[in-house]
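# Observations on the model geometry
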Amino acid sequence: MAGPEIERLIALLAKLPGLGPRSARRAALHLIERREAMLDPLARAMAEAAAKIRICATCGNLDSNSPCSICADPRRDPSVVCVVEGVADLWAIERTASFAGLYHVIGGTLSALDGVGPEDLNIAGLVARAERPETQEIILALSATVDGQTTAHYVADRLDALPEDVRPKLSRLAHGVPVGGELDYLDDGTLTAALKARRPV
Amino acid sequence: MHWSEDGIVLSARKHGESAAIIQLLTRMHGRHAGLVRGGAGRRARGIYQPGNRVTATWRARLEDHLGSYTCELLSSPAAALLDDPARLAGLAAACAMAAAALPERAPHPEVYDTFSALLERLAGDGTVIDWAEAYVRWELSLLAELGYGLDLSACAATGRNDGLAWVSPRSGRAVSLSAGEPYRDKLLPLPAFLLNGAASETPDRAEVIQGLTLTGHFLARHVFAANEQRIPAARQRLAARLGDAPAG
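All of these numbers come straight from a predicted model, not from anything done at the bench. (Residues numbered from 1 in each chain as written. Chains lettered and ligands numbered in written order. Predicted model: local features only at pLDDT ≥ 70, side-chain atom pairs only at ≥ 80, totals over all residues. Heavy atoms only, no water.)

### Quick word on the domain arrangement of chain A
- When the domains of chain A are assigned, the result is domain 1 (4-52) and domain 2 (62-172).
- For domain 1 of chain A versus domain 2 of chain A, the distance between C-alpha centres works out to 34 Å. (Domains from an automatic or database assignment.)

As structure tokens, then:
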């Protein structure tokens, strides 16, 4: 139906999240029909991204520089490091504009099912950062799942093993009722966690 | 083909964009996998945490198909354990062991019952020793159901049922203190709470760790090494954590 170049474009687009074969076909057609406005700029942007984007050697974030723009920003507070599973989580926290410290991407969670062990995660880098005198607090912002919290406890154990004079304060995100959440519609687990983490008013 | 039964979530693996392949432990259908449409989505993800209890309906056109599940959450013990490192390690280890060791679609009611008992202990107010003892008993039932049950009823050498203190690492049979003395370096200690008729005895921490070493040895040897696998890392982390956990 179409030339091999178009078929290859469709096949690659179909592998993107949110796209299937039919929507990839529509997207490909949309790009090709708007060659100057869409296809050429997108191709240039992708080539540039592929050439320049790298993993920050300090925190594991994705950026065109290493250290990344967050690690290199002098306005950020280096005394607080927020530990996240992946770059998507880092972006989610950045969207809130409520955290002014630095990040550390550990690259996943311990998983018995997927065979992910501590050596597969960037925990050694975190321990090295924790030992630096400027690090005063580490926030564990890992998922409220069995794997996420198993990883959080493991990381906490590793940091607890540091000598007392260099050990930073450890904290984790609260678990509980989301903004806009009606109690009647919350699952038992969230309600249990919210009750356990209740605060005086 | 379809059936409905209560089950315990052992694992959930994302499949495609929003579906998940989950493994349940059920009483009558054993470890059974199925596809949950939307199971990896934002709303449903919390239901399929390891250890959660669900009422599941499995449907497939043919019996040997993967089939699909529709599930309703019954209770979520996992959520109550997230803050407790040792209990969470116990839950993760039990789920990982069941997922790795049990054959698919073979009913093992005894394993299901002891797993349920373990979940209740994990969610209860008891001490570390309390649920860790239930964990050891669960692994003993796992060994027995898989055909590698330990014979702790009498001494393999003398046939007597008193003074049992060791277990042979090869045969899995108990050995009395006197008969095992010359070989004590090669034998595994038998904690008293695992002896027949000692169900009411409360073990101490050292005995629970001995129990874990005992079951871990035979599971590694018979179940995992035989299939060229290693014992799941979650189980190793549990053993390491119980060595350090506070007694409360």
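### Considerations on the sheet that holds strand 4 (residues 101-105) of chain A
All names here are of chain A.
- Judged by pairing direction, the sheet is parallel, and its 4 strands sit side by side in the order 4-3-5-6 without closing on themselves. Across the chains shown, the open sheet's two edge strands, defined by having one partner strand only, are strand 4 and strand 6 (169-172). The mean angle between the axes of side-by-side strands here comes to 25°, regardless of whether they run parallel or antiparallel.
- Pairing of strand 3 (residues 77-84) with strand 5 (residues 137-140), which is carried by 4 bridges, proceeds in the parallel orientation. (Pairing = 2+ DSSP bridges. Helix = DSSP H or I, 4+ residues; strand = E, 2+ residues; numbered from the N terminus. Axes fitted to C-alpha atoms, helices over the stretch in contact; angles between N-to-C directions.)

### Focus: the sheet that holds strand 7 (residues 174-176) of chain B
All names here are of chain B.
- Strand order in the open sheet made by the 3 strands is 7-6-8, with antiparallel pairing throughout. In the strand order of this sheet, the two ends are held by strand 7 and strand 8 (188-189), each with one partner.
- Of the pairings in the sheet, the one linking strand 6 (residues 164-167) to strand 8 comprises 2 bridges and is antiparallel in character. Looking at the pairing, Val167 lines up with Leu188 of strand 8.

### Describing the interface of chain A and chain B
- Counting from both sides, the interface comprises 23 residues of chain A and, opposite them, 24 residues of chain B.
- Summed over the three residues of chain A that lose the most area to chain B, namely Leu113, Val146 and His153 of chain A, the buried surface amounts to 33% of that side.
- On inspection of chain A and its partner chain B, the count reaches 3 salt bridges.
- For the side of chain A that touches chain B, the secondary-structure elements that each account for two or more residues are helix 6 (146-160) and helix 7 (188-196) of chain A.
- When residues in the side of chain A that touches chain B are grouped by element, the largest group, 6 residues, is from helix 6 of chain A. (Contact = heavy atoms within 4.5 Å. Buried area = accessible area lost by both parts, 1.4 Å probe. Salt bridge = Lys/Arg side-chain N within 4 Å of Asp/Glu carboxyl O.)

### Some points on the pattern of salt bridges
All names here are of chain B.
- On inspection of all chains with the given rule, the structure shows 16 salt bridges over all chains.
- The closest approach of N and O atoms between Arg27 and Asp113, which form a salt bridge, is 2.7 Å. Here Arg27, found in the loop between strand 2 (19-26) and strand 3 (30-36), pairs with Asp113, found in helix 3 (residues 109-123); they are 86 residues apart in sequence, far enough to count as distant.
- For Arg27, a relative accessible area of 31% corresponds to the partly exposed category.
- For Asp113, a relative accessible area of 30% corresponds to the partly exposed category.
- Here Arg184 and Glu181 are joined by a salt bridge, their closest N and O atoms 3.1 Å apart.
- A residue is classified by how much of its surface remains accessible, and Glu181, at 35% relative accessible area, is partly exposed. (Buried < 20%, exposed > 50% of the residue type's maximum accessible area, 1.4 Å probe, protein only.)

### What about the side chain of Ser116 of chain B?
- Relative to the elements of secondary structure, Ser116 of chain B occurs in helix 3.
- Those residues in contact with Ser116 of chain B, other than ones at most four positions away along the chain, are Ile8 and Arg53 of chain B.

### What about the packing of aromatic side chains?
Residue and element names in this part refer to chain B.
- Taken as a whole, this structure holds 5 aromatic pairs over all chains when the rule is applied.
- Seen from their ring centres, Phe115 and Trp138 are 5.3 Å apart, and the 90° between their planes marks the pair as edge-to-face. With a gap of 23 residues between them, Phe115 in helix 3 and Trp138 in helix 4 (residues 128-145) connect regions that are remote in the sequence.
- Look at Phe115 and you get buried, because its relative accessible area is 0%.
- Taking relative accessible area as the criterion, Trp138 reaches 0% and is therefore assigned buried.
- An aromatic cluster is built from Trp3, Trp58 and Tyr69, whose rings are joined through pairwise contacts. (Phe/Tyr/Trp six-rings, centres within 6.5 Å; stacked < 30°, edge-to-face > 60°.)

### Things to note about unusual backbone geometry
All names here are of chain A.
- Ser66 connects to Pro67 through a cis peptide bond whose omega is 5°.
- Locating Pro67 in the fold gives a position in the loop between strand 2 (62-63) and strand 3.
- Even without glycine at this site, Ala97 takes up a positive phi of about 55°.
- Counting through the fold element by element, Ala97 comes out in the loop between helix 4 (87-96) and strand 4.

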